[in-house]
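A closer look at the structure
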Number of protein chains: 2
Amino acid sequence: MSNPFWSPALAGLEPYVPGEQPRGRKLIKLNTNENPYPPSPRIREALADPALVQALRRYPDPESADLCAAIATQYGVESDQVFVGNGSDEVLAHSFYSFFRHDEPLLFPDITYSFYPVYCQLYGIDYRTPALRDDFSIAVEDYAGPAAGAILPNPNAPSGRCLSLDEIEKLLQLQPERVVAIDEAYIAFSGERGGDSAISLIDRYPNLLVIQTLSKSHALAGLRLGFALGQKHLIEGLNRTKNSFNSYPIDSVAQRLAVAAIGDGGHLAESCNRVVATRERVAAALAELDFEVVPSRANFLLASPGTMDAEALYLALRERDILVRHFNKPRLAGYLRISIGTDEEMDQLLAAVREIQTAQGTSQTR
Amino acid sequence: MSNPFWSPALAGLEPYVPGEQPRGRKLIKLNTNENPYPPSPRIREALADPALVQALRRYPDPESADLCAAIATQYGVESDQVFVGNGSDEVLAHSFYSFFRHDEPLLFPDITYSFYPVYCQLYGIDYRTPALRDDFSIAVEDYAGPAAGAILPNPNAPSGRCLSLDEIEKLLQLQPERVVAIDEAYIAFSGERGGDSAISLIDRYPNLLVIQTLSKSHALAGLRLGFALGQKHLIEGLNRTKNSFNSYPIDSVAQRLAVAAIGDGGHLAESCNRVVATRERVAAALAELDFEVVPSRANFLLASPGTMDAEALYLALRERDILVRHFNKPRLAGYLRISIGTDEEMDQLLAAVREIQTAQGTSQTR
């Protein structure tokens, strides 16, 4: 597909395709890793503030200073170590532009967030994709050698597997002259109080950029708020790019709502703990149903349905108004990625799987 | 300024510097062209909708379909002729990437929105800047010849001067194989019901892209909502870029609030008419105070304070808590750009100018 009015590079882009957001139909939606529980009640209070309408008349603070300060306080860094963006996707885009446009290829896992190669296309970045091990874990030693940097989600998606801080440090030491970005979209589900976050390493590694989002952990996917933490010189680089693209990426409402949500650490912990408990229960239940379940530290499970065809199961679940995600890609085609919903939703999923297995067993017996 | 971790191009960027957004201090703020009147009352109603909090838990519609439909209805185009972005700055950024990265230089006026050369730097686009005439009008005939396309604000900023539709058509015909983007951020102040908008030309010109924003006309600078209108093939090009950058640029709240505001055409007309009436009155008053006032069709005036030094007047107004904008650039250094505020605010501006003139007259007499 090309067009005489387009920039030539445009025809070569293969844009990212987000998980389906069905409209209208009432579905059990386990396909885009949203949090099944509502955001902090402070969101409702912030929306009711009559000052909000008056604030909309004026441009928002281009630097989102209050929000950066709130994030800094909550995560134990300085305000000038915080960069905020319109969802972590925008933060990622600016990171690719700011840090990864070198002569060498960028490194990221062969199975990971499928937006990474799209950013590379967008900005003309070459890349190399070390393969995950057979158990879907990342082999950190593969990230050595000349490179434009490295990026990986931790926990990784769609595997849910998590690297230890020791492994992250090893990676940082393998690429001391390039930025290593750790995309922690799911870290809040990884352990006690996000204990495996690389944030604690920032002061020791000038090449470390940690990226997080309020989408999953804070149940605010609709708010579009992501952020990056790193030493000041990296944040300055991101701000140079941002201020050459859009001075005011975070609207007045989002700035205020995000400040409200960030401050409610109690709600965050409670919400994430519930999801983790459900994840563990469902992982065990799926294993009992002969699924091979990849050990997950995120709010989703990657699981292969034993003798069943994964795509057929995806379609059969869909017929029952249950939406999960199937990736038609090498090594993933035999798996489903199942977001963790409420206990009730997951019980409906498990019941549907049993029903489909029984029906299949019956038809195979015939 | 450079940094070993940055992409090499980053050091060469000279980011855009937005107009000051002073915090805390109570100022008469006439420096960033915000609308002095509140947005549609439907905004308050939309914010009070209890469904808003629940919507925030999920990803927003990546295609902002309801909003595109509302814009299409209001502006008399089809939904697939509408592209929405996180402020018109993001729409502009994607437009530069999508349409202007050719071998020839992009064309825009020497005096215009100062973000244009920044986008060119960001994406490595060469550009040529035909000079405005002495009266700050655009000489359309200068936009002929091999080019990557053309972009200009209409009304232009910071002059406020407006091209006629005949001139816009001439421009479109001079560059039939390249996109001509008309940045209509201020068009709602240009005449009866935005009569000079190029939207009416879209069906006849496959190279025409019209860009608008809710920031000024709809008093929603804080919401960050801009849009582009054009034939479907141009909108497809923008969507390719957007979907390679950020799938969900418009958050759930902004989508709903923008739909509410777009539908309230009555409020828009009333608000813009008030601003236009004030502009005409203030332009006449400044002329009486010996200012040279450029004829404006926008919500600001570019005016040269006669015998006074423009920068000194800017500073003297600032001392009196009145903020206007002074551009320290060729041909603009002798002018101030004054946003149109409420009648009361403008009366305070005029009184302050008289006071400063008198004080200066006194000091000159000494």
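Each chain has its residues counted from 1, running along the sequence as written. Labels are handed out in written order, letters beginning with A for the chains and numbers beginning with 1 for the ligands. Selection of residues for local features in this predicted model requires a pLDDT of at least 70, selection of side-chain atom pairs for listing and counting requires 80 or more, and totals for whole chains, interfaces and linings are taken over all residues. Excluding hydrogens and water, the side-chain figures rest on all heavy atoms present in the structure.

For chain A, an unreviewed UniProt entry supplies the name Histidinol-phosphate aminotransferase and the organism Microbulbifer halophilus. UniProt positions are given in the numbering used here, feature names are shortened, and annotations may be inferred rather than shown by experiment. Regarding chain A, the UniProt comment filed under Pathway (unreviewed entry) reads as follows: "Amino-acid biosynthesis; L-histidine biosynthesis; L-histidine from 5-phospho-alpha-D-ribose 1-diphosphate: step 7/9." In the Catalytic activity (unreviewed entry) part of its UniProt record, chain A is described as follows: "L-histidinol phosphate + 2-oxoglutarate = 3-(imidazol-4-yl)-2-oxopropyl phosphate + L-glutamate".

Turning our attention to the relation of the copies chain A and chain B. What relates the two chain copies is a rotation about an axis together with a slide along it. Least-squares fitting of one copy onto the other uses the C-alpha atoms of those residues that reach a pLDDT of at least 70 in both copies. Each copy superposes on the other: chain A lies on chain B with an RMSD of 0.0 Å after a rotation of 180 degrees and an axial shift of 0.0 Å. Such values leave the two copies arranged in the relation of a two-fold axis. When the interface residues of chain A are mapped onto chain B, 100% of them are again interface residues, pointing to one common binding face. Every residue pair with non-hydrogen atoms within 4.5 Å of one another is taken to be in contact.

Here the focus is the packing of helix α4 (residues 87-99) of chain B against helix α5 (residues 116-123) of chain B. Residue and element names in this part refer to chain B. Look at α4 against α5: their axes get within 10 Å of each other, and the N-to-C directions meet at 50 degrees. Here α4 is positioned oblique relative to α5, judged by the angle of their axes. Both α4 and α5 take part in a crossing whose hand is right-handed. Residues Asp89, Leu92, Ala93, Phe96 and Tyr97 of α4 form the contact with α5, whose own contacting residues are Tyr116, Tyr119, Cys120 and Tyr123. In the scheme used here, Gly and all other residues not listed as nonpolar or charged are polar, with Ala, Val, Leu, Ile, Met, Phe, Trp, Tyr, Cys and Pro taken as nonpolar and Asp, Glu, Lys and Arg as charged. Across the contact of α4 with α5, the residue classes tally to eight nonpolar, no polar and one charged. The convention used is that axes are lines fitted to C-alpha atoms, helices contributing only their stretch in contact, and that angles between N-to-C directions extend from 0 to 180 degrees. The secondary structure listing takes helices from DSSP runs of H or I that are at least 4 residues long and strands from runs of E that are at least 2 residues long, numbered from the N terminus. Our angle categories are set so that under 35 degrees counts as roughly parallel, over 145 as roughly antiparallel, 65 to 115 as roughly perpendicular, and the remainder as oblique. Note: crossing handedness is left-handed where the near helix turns anticlockwise from the far helix by less than a right angle, and right-handed where it turns clockwise.

Below, the discussion takes up the interface of chain A and chain B. At the interface, 92 residues of chain A touch 92 residues of chain B. When two parts are put together, the accessible area they lose, computed with a 1.4 Å probe and summed over both, is reported as buried area. Summed over both sides, the interface of chain A with chain B buries roughly 7600 Å², with 56% coming from carbon and sulfur. Any Lys or Arg side-chain nitrogen found within 4 Å of a carboxyl oxygen on Asp or Glu counts as a salt bridge. The tally of links between chain A and chain B comes to zero salt bridges. Contacts described as polar in this section are N or O atom pairs within 3.5 Å, which, within protein, must combine one atom able to donate a hydrogen with one able to accept it, while residues neighboring in sequence count only if both atoms come from side chains. Here chain A is connected to chain B by 44 residue pairs in polar contact (both at pLDDT 80 or more). Elements with a contribution of two residues or more to the side of chain A that touches chain B: α1 (41-47), α2 (51-57), α3 (65-75), α4 (87-99), α5 (116-123), α7 (232-242) and α8 (252-262) of chain A. Tallied by class, the residues present in the side of chain A that touches chain B amount to 52 nonpolar, 22 polar and 18 charged.

What follows is about the pattern of salt bridges. Tallied over the full model, the rule gives 26 salt bridges over all chains. A salt bridge links aspartate 110 of chain B to arginine 331 of chain B, with the nearest nitrogen and oxygen atoms 3.5 Å apart. You can see aspartate 110 of chain B sitting in the loop between β3 (106-107) and α5 and its partner arginine 331 of chain B sitting in the loop between β11 (322-323) and β12 (336-339), a full 221 residues away along the chain. Owing to a relative accessible area of 32%, aspartate 110 of chain B belongs among the partly exposed residues under this scheme. Between buried and exposed lies partly exposed: a residue is buried under 20% and exposed over 50% of the maximum accessible area for its type, with that area taken using a 1.4 Å probe on protein chains only. According to the relative accessible area criterion, arginine 331 of chain B is partly exposed, its value standing at 33%. In this structure, aspartate 343 of chain B and arginine 281 of chain B form a salt bridge, with 2.9 Å as the shortest nitrogen-oxygen distance. One end of the pair, aspartate 343 of chain B, is in helix α11 (residues 343-365); the other, arginine 281 of chain B, is in helix α9 (residues 265-288), and 62 residues separate them in sequence. In this structure aspartate 343 of chain B comes out as partly exposed when scored by relative accessible area, which is 34%. The exposure class of arginine 281 of chain B is partly exposed, given its relative accessible area of 34%. One salt-bridge network, held together by shared partners, links Arg281, Asp343 and Asp347 of chain A.

Time to look at the domain arrangement of chain A. Where the parts come together, the accessible area they lose is often given as the size of the interface. Residue and element names in this part refer to chain A. Residue ranges for the domains originate in an automatic or database domain assignment. What the domain assignment reports for chain A is domain 1 (8-38 + 266-365) and domain 2 (41-265). The C-alpha-based centres of domain 1 and domain 2 are spaced at 25 Å. Across the boundary between the two partners, domain 1 contributes 35 residues, which contact 35 residues of domain 2. Between domain 1 and domain 2, a total of about 2800 Å² is buried, with carbon and sulfur atoms accounting for 60% of that surface. Interface area lost by domain 1 to domain 2 is led by Tyr16, Arg297 and Arg331, which between them contribute 29%. Linking domain 1 to domain 2 there are two salt bridges. Of all the secondary-structure elements, those providing two or more residues to the side of domain 1 that touches domain 2 are α9 (265-288) and β10 (300-304). It is α9 that provides the largest number of residues to the side of domain 1 that touches domain 2, a total of nine residues. Classifying every residue of the side of domain 1 that touches domain 2 gives 19 nonpolar, nine polar and seven charged.

Glancing now at the packing of aromatic side chains. Stacked, tilted and edge-to-face are the three classes assigned to paired rings of Phe, Tyr and Trp, where Trp is represented by its six-membered ring and a pair needs centres within 6.5 Å; plane angles under 30 degrees give stacked, over 60 edge-to-face, the rest tilted. What the rule picks out here adds up to 31 aromatic pairs over all chains. Ring centres of phenylalanine 96 of chain A and phenylalanine 100 of chain A lie 5.3 Å apart, and the angle between their planes is 85 degrees; this geometry places the pair in the edge-to-face category. The pair formed by phenylalanine 96 of chain A and phenylalanine 100 of chain A is uniform in burial state, with each residue classed as buried. On the basis of an interplanar angle of 85 degrees and a centroid distance of 5.2 Å, the ring pair of phenylalanine 136 of chain B and tyrosine 335 of chain B is categorised as edge-to-face. Taken together, the residues phenylalanine 136 of chain B in the loop between β4 (127-128) and β5 (149-153) and tyrosine 335 of chain B in the loop between β11 and β12 connect sequence positions 199 residues apart. On the basis of relative accessible area, phenylalanine 136 of chain B is assigned to the buried category, the value being 4%. An aromatic cluster is defined as three or more aromatic residues linked by ring pairs; in this entry it consists of Tyr16, Phe96, Phe100, Phe108, Tyr113, Phe115, Tyr116, Tyr119 and Tyr127 of chain A. Think of it as a cone above the ring: NZ of Lys or CZ of Arg counts as a charge over the ring if it is within 6 Å of the ring centre and within 35 degrees of the ring normal. Over the ring of phenylalanine 300 of chain A we find arginine 337 of chain A, and its NZ or CZ is 5.7 Å from the ring centre.

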